[in-house]
Amino acid sequence: MRDNDILEMDSVSETEELPGDLAMIDEEVVYTQEFLPTYETIQEGASVAITLQAEFNDKPDSLFFNDGVRRIDFVLVYEDEDKKEFEKRHTFHRRKRRREYFEASLVKMGMELEATRSVVDEKLMFVKIHMPWDVLCTYAEVLHIKLPIQPVDLSSRPSPWRHFSCVTKYFYPSEELITKETEFFTAPFEKDRLEYFYVKDQDLFFTPSMRSRMAYYILSRAPYEIRGTVKKFGITKLLDGGVYKAAYPLHDCRFNVRSKEESCPNERFLLYEEWAHPKSFYKMQPLDLIRKYYGEKIGIYFAWLGFYTAMLALAAIVGLGCFIYGYKTQETSTWSKEVCDPDIGGTIVMCPQCDKECTYWRLNSTCEASKKLCIFDNYGTLVFAVFMSIWVTLFLEFWKRYQAELEYEWDTVEFLEQEEPPRAEYEAKCVHERINPITRVKEKVPYTACGRCIRLSLGMGTVFFWLLLILASVVAIIVYRLAVFFAFSAKLRAQDLKELEPFKEYVTPQMATSVTASIISFVVIMILNILYEKVAIWITDFELPRTKTEYENSLTLKMFLFQFVNYYSSCFYIAFAKGKVVGYPGEPVYLLGKYRNEECDPGGCLIELTTQLTVIMGGKAIWNNIQEVLLPWVKNMIFRYCTRVGSEKVIPRWEQDYQLLPIGKLGLFHEYLEMVIQFGFVTLFVASFPLAPVLALVNNLFEIRVDAWKITTQFRRMVPEKAQDIGAWQPILQGVAILAVATNAMIIAFTSDMIPRLVYYWSFSVYPYGDHSYHTMEGYINNTLSIFNIEDFSNQSRPINTPYWLNNVTTCRYRDFRYPPGHNRQYEYSIYYWHVIAAKMAFIIVVEHIVYLTKFILSYMIPDVPYAVREQIKREKYLTQVILHEANLKLVTKRLKPVADTILKRIEVDSDKEEMEMELDF
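So, here's what we can say about the structure. (Residues numbered from 1 in each chain as written. Predicted model: local features only at pLDDT ≥ 70, side-chain atom pairs only at ≥ 80, totals over all residues. Heavy atoms only, no water.)

All chains considered together, the criterion is met by 59 aromatic pairs. Summarising the aromatic geometry, the rings of Phe 281 and Tyr 282 are spaced 5.7 Å apart at their centres and angled 85 degrees between planes, so their arrangement reads as edge-to-face. We classify Tyr 282 as partly exposed; its relative accessible area is 39%. Summarising the aromatic geometry, the rings of Phe 764 and Tyr 769 are spaced 4.2 Å apart at their centres and angled 25 degrees between planes, so their arrangement reads as stacked. Under the relative-accessibility criterion, Tyr 769 is labelled partly exposed at 40%. (Phe/Tyr/Trp six-rings, centres within 6.5 Å; stacked < 30°, edge-to-face > 60°. Buried < 20%, exposed > 50% of the residue type's maximum accessible area, 1.4 Å probe, protein only.)

See below:
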């Protein structure tokens, strides 16, 4: 694609073609555009106003035009084409014409502009945008922005912590710096009813975040080019095409220094001091100030992250208690003692775990692994798994209540889909007419019902293909593990590894296979992540969702499905597939008819799953935090070094912000994704790793401050956006919570050895299966290891080398429940196996039903909206109705007054005539 081939949003209108200096000559697709609420057109032949330039007034903290009166609501940055080299003039001239038309359109819409040349780079120009009062009122009504009508007159419920305020006050932001604002009842703004709104000061009535949001709404819909019946509009495409280099609202001051301007609220400085600074890590978040400065979408993210972290504290305490319990009881475990006992575990010879290259080994060589397994595979883990299933229900239900409070406090209760404006990309493609099923009025849509079905089908098919691609990569890595295990077994045993001392005992075929497979898996995951993110964005763009909320929800679902399979597939493989279908030594099962299925490590698959979760959670958390801190800081340092100026130069506020990093198009998507993936690790596999909530808690305490520091100090100010909740992440969390019950029950049943131990204790340790007169775990190891005659090895499986201590041994043992050689059903599943399977099925059914019933009861008993919030919502609706009723009465009175005056005058005239006639009669 050539440098001047820019994708634009085109639309059809009835406007005639502009003069040659504004018309473009390239062929482009034509789209309809008839309903843009802010669409303004400069008529043919009209002069295009050029933005006036003003010199910088040497006030680095100023947030106003040079007159000191008009506030800067948005900033556009471009490179001056007149400073460019000649050979690219045709491209720059094209951009210049588009920019001039775009700025003229903004002026036509009522915005005021002022341009200032950069003090650092003379090629850069900064266009400052101001929205006058009348324009603000117009677009506040268009966007249904809620504004105060009167102070709240309901008494608030006192905090239960008020008696401990002498202690708790140190854990809250300083009230001297961040004062509590007055609460108001609010209503959607209407220009004609301005007198009913609480307008104390016109300059402060609309907050800076509201002004920036309205400015961006206009910028997204202002036309920048007309060719015949084709209209092209939107700042997004101008940024993509290089017409502008950046577009952003201003921070109100530097993050670490107060502004010298008296009228500046210094909200960025306050956020840094009381929220983003490392010294404030123990303080609660100033959510109201975050929402006021960055908008509801940022505020709701940090509210959710803070609530999730607080709830993790309880889970972390219980999980840590279970871990300590397992650690203290590992030395007293009867079956672990038998493994380590030289007279029991030392005399049990285990069968080789692979063909030819592997050899026999003694059971007591896994003594340390069995002790570690006791830490995680104990009865405390069962209790903790059930607790976490209840915890996740409480977390989601209490979050709904907290979210309802925020919805009311932040005026998003009635932020419905029909109030959210359509995306500019959606509006640009509207070419088909249909009858609105609600209003029965004709409207424009971008596709027919059949076209929408085709788009969704193609999108779903593409997502399904990529999911299959991930599964194929997982299978390929499994095949790699199976194939390379034998190669490492032959090579490592054939060579002398003296150079690897003292790590020689750790360099085993299993370890080498695991490390290399993990590295390959990591590389594959990263590559697929990069590719799929681009594919997911392309698919979502192709589906053309109507609103930004619909767009984000669609993209969220696609990305989470991919990441779910990508991150959890290895854990699901270890938990539910590895070591489950391996046959027995004389007749092993082969994958693809060639590779012998992988068996669990001597310590069992649960300890492998625990190790996998530890590495993934710990490594992912460390890498993400380093990436989020170092990369933005290094990028900003490089940019500042490249654009450094002498210390004598004063840099204005808008140019300081330009030196910061721009916010990505996906906004907080990656932060949400990171936390939800972590939520999955904490809930889905917690039965194998009770310390998962502890790791998540520690990570989140850093994550909150890292994200706060990042957006406050390293990035330009985001365009504020409205948001009622956390969007599509809420049903995803609920789905993960439901799945977590099943996965944890299945991990305890199929991955851990808890059920076989319980079956032995209650059934097979006593008569008629056992020799003991009382229930005990003694003899568990000997009774749960099957016997195999080494003469029954096939030529393909028989080990090549045998250890020196293997003398006069005719049998070996393996992990399974099968009849011994010589039995009339030798190597078939024994009665113990069927008892264990029945117990596992019963355990899963009983635990799932009990937990699901408990979750349902809790969900039913805990209301989603607190009683006090419901009362306040009703009060606000009542006040709004009263105000609207009074306004309608005044309007009717105003309209009927001339008619009433005319009637009264006629009555007076008639009465005067009657009196005169009566007087004449007398």
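Okay, the packing of helix H17 (residues 605-642) against helix H20 (residues 692-714) next. Their axes nearest at 10 Å, the elements H17 and H20 cross at an angle of 10 degrees. Comparing their axes, H20 and H17 come out roughly parallel. Contacts from Met 617, Ala 621, Asn 625, Glu 628, Val 629, Pro 632, Trp 633 and Asn 636 of H17 reach H20 at Ala 692, Leu 695, Ala 696, Asn 699, Glu 703, Val 706, Asp 707, Trp 709, Lys 710 and Gln 714. A class-by-class count of the residues in the contact of H17 with H20 yields 10 nonpolar, 4 polar and 4 charged. (Axes fitted to C-alpha atoms, helices over the stretch in contact; angles between N-to-C directions. Helix = DSSP H or I, 4+ residues; strand = E, 2+ residues; numbered from the N terminus. Parallel < 35°, antiparallel > 145°, perpendicular 65-115°, else oblique. Contact = heavy atoms within 4.5 Å. Nonpolar A, V, L, I, M, F, W, Y, C, P; charged D, E, K, R; others polar.)

Per the stated rule, a full pass over the model turns up 3 disulfides. Shown here is the disulfide that connects Cys 340 with Cys 367, its sulfur atoms set 1.9 Å apart. Disulfide Cys 340 to Cys 367: torsion about the S-S bond roughly 100 degrees, handedness right-handed. Residue Cys 340 is located in helix H10 (residues 334-340), and its partner Cys 367 is located in helix H11 (residues 367-376); the two are separated by 27 residues in the primary sequence. Through a disulfide, Cys 351 is tied to Cys 812; the S-S separation comes to 1.9 Å. Negative torsions about the S-S bond denote left-handed disulfides, and the value of about 90 degrees found for Cys 351 with Cys 812 makes this one right-handed. (Disulfide = S-S within 2.5 Å.)

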